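Structure at a glance
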Amino acid sequence: MGDILLQQNVIILVVAGFLILLMQGLASFFGIYIYKKWDFSSTSAFQYTLEKKSYLIVLILFFSLIAKIILLPYFAFTIDSLSDVVHGAMCAAGVVGANEYGNFLLGLKIFIIFIVGIWLIVNKLDITAYDYPYIKTKLILAIVIFAFIFIEFVLEILYFTHISTDVPVQCCSVIFGVSGSSDPLPFGINTQTLLILFYSIYILVLIANIQKNPLFSFLSTILLFYFGYYAVTYFFGTYIYQLPTHICPFCMLQSDYYFVGYLIWGSLFLGSFFGIVNLALKLLIKQTIQKYFLYSTFFNTIFVIICTSYVVGYYLVNGVFL
Amino acid sequence: MIKIKALNKIYNVGQKNEFVALRNINFEVLPNTVVVLKGVSGSGKSTLLSIIGGMNKPTSGEVIVEDKYIAKLPDLHLSNFRASSIGFVFQSFHLINDLSVFDNISIPLIPLGLSAKEIEEKVNYAMQICNIAHKSMEISKNLSGGEKQRVAIARALVNNPNIILLDEPTANLDSANSKNLVEILSNLKKLGKTIVISTHDSLFDELDFVEKIIYIKDGDISG
């Protein structure tokens, strides 16, 4: 337990996480006060004071949430680096699965980043308007984010303190590979069906973004995110590793594979984020931003191109598929 | 049009050294007029000028400049407002000493992304109005007080703002340069500018192009 907490990257993660939590907590506390007393039409001394305070609060929220985004890839890097000290782990997969908190923590971190992204967009719209139209919305959203960050921080502490360096964990080939679950793909589909679904859903995403329909874009993006994860892990990943039995979503984050995992997962996350954000904005502030459909198309296309290029590249070099 | 309603400015609110700089100020400045804010040092006129110029915020009250409630503007819009609508001439000029006259005057144009030719045209025009074109390449620290004043006015003019605010414009000038300044101000009024001057100099008391003199004493309008 102590070995893990004394790892340099873990110390950085935990301290940074605590500082962000602290800043979020303070900002949320004052945010509630501003939320309750805000009256933009007033020219009273009290309202002017609130406007000054809100500027500081929003600035604190902004910088702490930007730091939060930066910490996600750093978390991935950290758990990958921990595979050196956790017995049996060959990559982050074994470290994430070292206890019952890991997978939930990772999922929560990704979910939080999506909400943080929405907050940053609402914030930008608010501070570029003349009359702070979304200040109450973003303050409420900040409080929600704080609640999630608090849960995440507790989970992170539990996670890191419950990783044993003595007890061997499973490596990725056991977790995801042939010796793992006998039916790893969802709904009992095979790889061929998975690929048909993957490319079909990608086309659906393109159509949704061309139509600029927030609900359609949201649904198709969620599907692409879901099936994209399986397609990368169980099919495209094998071409990245050039080994049909090497099934893992994490090994591609390592230097052996030129850190391409950051690009693949990063483009999928960004594509998914911009695909779902317009529905969230419509629900929160009753407006959509057309260029985000374009961004969604761009990042999802990058994602699909990178994945596909590994298969095509392998075939061109070797003349066969795996 | 500048409209001030129930304006108060208190420094260090709630502290031992709380100081009321402006108290319930109300007045209007019509377009293309020259208004002088007159009062002794510490009366609050410079604070009022900086609030009109969007460089300072009131403690309470309304400041409406060209139909914008500038005390309520978020920073981004306030910056844009200052850049487009206000030309401010500071008492101590605030030139960058190591830059030439031309470069000093061109500074407000930098964020606008204009071409070099457009910048040159605008700067030359501002220099001509202020009669400083012959010193274009001179380094600012080598200029006399009167010349620095003219550079400062040219810099305030270069964005073609509708409103020019001058804070104690004759404080660092001799009588000859003060008369030159009066001539420049007269020309600016002919160009359709609204001019607000904060001063304690009696030079402005009887100028024919000054429409209104507002006397400020201890943060109040006294006449």
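Residue indices begin from 1 for each chain and proceed along its sequence in written order. As they are written, the chains are lettered A onward and the ligands numbered 1 onward, keeping that order. The predicted origin of the model limits local features to residues at a pLDDT of at least 70 and limits the giving and counting of side-chain atom pairs to 80 or more, whereas totals for whole chains, interfaces and linings rest on all residues. Only heavy atoms go into the side-chain values, all of them from the structure, while hydrogens and water stay out.

1. What to know about the pattern of salt bridges
Under the convention used in this document: Whenever Lys or Arg places a side-chain nitrogen within 4 Å of a carboxyl oxygen from Asp or Glu, that contact is recorded as a salt bridge. Helix numbering and strand numbering both begin at the N terminus, where a helix is a DSSP run of H or I of at least 4 residues and a strand a DSSP run of E of at least 2.
According to the stated counting rule, one finds 13 salt bridges over all chains in the structure shown. The residue Lys-3 of chain B makes a salt bridge to Glu-28 of chain B at a minimum N-O spacing of 4.0 Å. In this pair, Lys-3 of chain B is assigned in strand β1 (residues 2-11) and Glu-28 of chain B in strand β2 (residues 19-29), connecting sequence segments 25 residues apart. One network of salt bridges, with partners in common, ties together Lys-68, Lys-109, Glu-152 and Glu-156 of chain A.

2. Quick look at the side chain of Ser-220 of chain A
Residues and elements named next belong to chain A. Our working rule: Residue exposure (1.4 Å probe, protein chains only): buried if accessible area is under 20% of the type maximum, exposed if over 50%, otherwise partly exposed. Between N or O atoms, a polar contact is any pair within 3.5 Å; within protein, one atom must be a potential hydrogen donor and the other a potential acceptor, and residues adjacent in sequence are included only when both atoms are from side chains. Note on contacts: a residue pair qualifies if any of its non-hydrogen atoms lie within 4.5 Å across the two residues.
Counting through the fold element by element, Ser-220 comes out in helix α9 (residues 214-241). Overall, the relative accessible area of 2% leaves Ser-220 in the buried class. At a separation of 2.8 Å, a polar atom in the side chain of Ser-220 contacts the main-chain carbonyl oxygen of Phe-216. Apart from the residues lying within four places of it in its own chain, the contact partners of Ser-220 are Ile-201, Leu-204, Val-205 and Ala-208.

3. A closer look at the confidence of the model for chain B
Close inspection of predicted coordinates is inappropriate for parts of the model with low pLDDT. How we decide: What pLDDT expresses is the predictor's confidence in each residue, scored from 0 to 100.
Of all residues in chain B, 100% have pLDDT values of 70 or greater, and the mean over the chain is 92. The ipTM, which scores confidence in the relative placement of chains, is 0.80 for this predicted complex, and the corresponding pTM is 0.85.

4. Some words on the nonpolar core
Under the convention used in this document: Nonpolar core, defined: a set of buried Ala, Val, Leu, Ile, Met, Phe, Trp, Tyr and Cys residues in which side-chain atoms within 4.5 Å join the residues together. Note that the domain bounds reflect an automated or database-derived domain assignment.
Among the nonpolar cores identified, the biggest contains 104 residues, and Trp-119, Tyr-159, Phe-160, Phe-250 and Ile-264 of chain A are the most heavily contacted of them. Here this core takes 14 residues from helix α5 (residues 102-127) of chain A, the largest share from any one element. Structurally, this core is a two-domain feature, drawing no fewer than three residues from each of domain 1 (2-161) and domain 2 (172-318) of chain A. With 39 residues, the next largest nonpolar core counts Ala-156, Leu-166, Leu-181 and Ile-197 of chain B among its residues.

5. Examining the packing of helix α2 (residues 8-37) of chain A against helix α3 (residues 45-81) of chain A
Each pair of packed helices can be summarised by the angle the axes make with each other and by the distance between the axes. Residue and element names in this part refer to chain A. Stated precisely, the cut-off is as follows: Only C-alpha atoms enter the line fits that serve as axes; for helices the fit covers just the stretch in contact. Angles between N-to-C directions range over 0 to 180 degrees. If an angle is under 35 degrees, it is roughly parallel; if it is over 145, roughly antiparallel; if it lies from 65 to 115, roughly perpendicular; otherwise it is oblique. By definition, turning the near helix anticlockwise from the far helix through less than a right angle yields a left-handed crossing, and turning it clockwise yields a right-handed one. Residues were grouped as follows: Ala, Val, Leu, Ile, Met, Phe, Trp, Tyr, Cys and Pro as nonpolar; Asp, Glu, Lys and Arg as charged; and all remaining residues, including Gly, as polar.
The interhelical angle for the contact between α2 and α3, taken along N-to-C directions, is 155 degrees, at an axis separation of 8 Å. Looking at the two axes, α2 sits roughly antiparallel to α3. For the pair α2 and α3, the sense of crossing is left-handed. Looking at the contact of α2 with α3 residue by residue, the classes come out as 21 nonpolar, eight polar and three charged.

6. Quick word on the domain arrangement of chain A
Residues and elements named next belong to chain A. To be explicit about the condition: As used here, buried area is the combined drop in accessible area, with a 1.4 Å probe, of two parts when they are placed together.
Assigned domains within chain A: domain 1 (2-161) and domain 2 (172-318). Each of domain 1 and domain 2 has a C-alpha centre, and these two points are 25 Å apart. Taken together, the 24 residues of domain 1 in the interface contact 23 residues of domain 2. Summed over both sides, the interface between domain 1 and domain 2 buries roughly 1,900 Å², with carbon and sulfur atoms accounting for 81% of that surface. On the domain 1 side of the interface with domain 2, the three residues burying the most area are Phe-114, Ile-118 and Ile-121, jointly 30% of the side's total. Remark: the boundary between domain 1 and domain 2 carries zero salt bridges. At the junction of domain 1 and domain 2, the tally comes to four residue pairs in polar contact (both at pLDDT 80 or more). Those elements that provide at least two residues to the side of domain 1 that touches domain 2 are α3, α4 (92-96), α5 and α6 (135-161). Top element by residues in the side of domain 1 that touches domain 2 is α5. It accounts for nine residues.

7. Some thoughts on the interface of chain A and chain B
If you look at the interface, chain A gives 14 residues, while chain B gives 13 residues. Where chain A abuts chain B, roughly 1,200 Å² becomes buried across the two surfaces, and 57% of that area is made up of carbon and sulfur atoms. Of all residues in chain A, Thr-43, Tyr-48 and Tyr-130 of chain A bury the most surface against chain B, accounting for 48% of the area lost on that side. Inspection of the chain A/chain B interface yields one salt bridge. In this assembly, chain A and chain B are joined by seven residue pairs in polar contact (both at pLDDT 80 or more). It is α3 of chain A that provides the largest number of residues to the side of chain A that touches chain B, a total of five residues.

8. A word on the pairing of strand β4 (residues 60-65) of chain B
Residues and elements named next belong to chain B. As a reminder of what qualifies: Two strands make a pair as long as DSSP finds a minimum of two bridges between them.
Counting buried positions along β4 yields six of six residues, so the element is predominantly enclosed. Burial along β4 is two-sided: the face carrying Ser-60, Glu-62 and Ile-64 and the face carrying Gly-61, Val-63 and Val-65 are both buried. For β1 and β4, the ladder comprises five bridges, and the chain directions are antiparallel. Across the sheet, the residue bridging to Asn-8 is Ser-60, located in β4. Linkage of β4 to strand β5 (residues 68-69), two consecutive antiparallel strands, is achieved through a turn of two residues, within which Glu-66 is found at a positive phi near 50 degrees.

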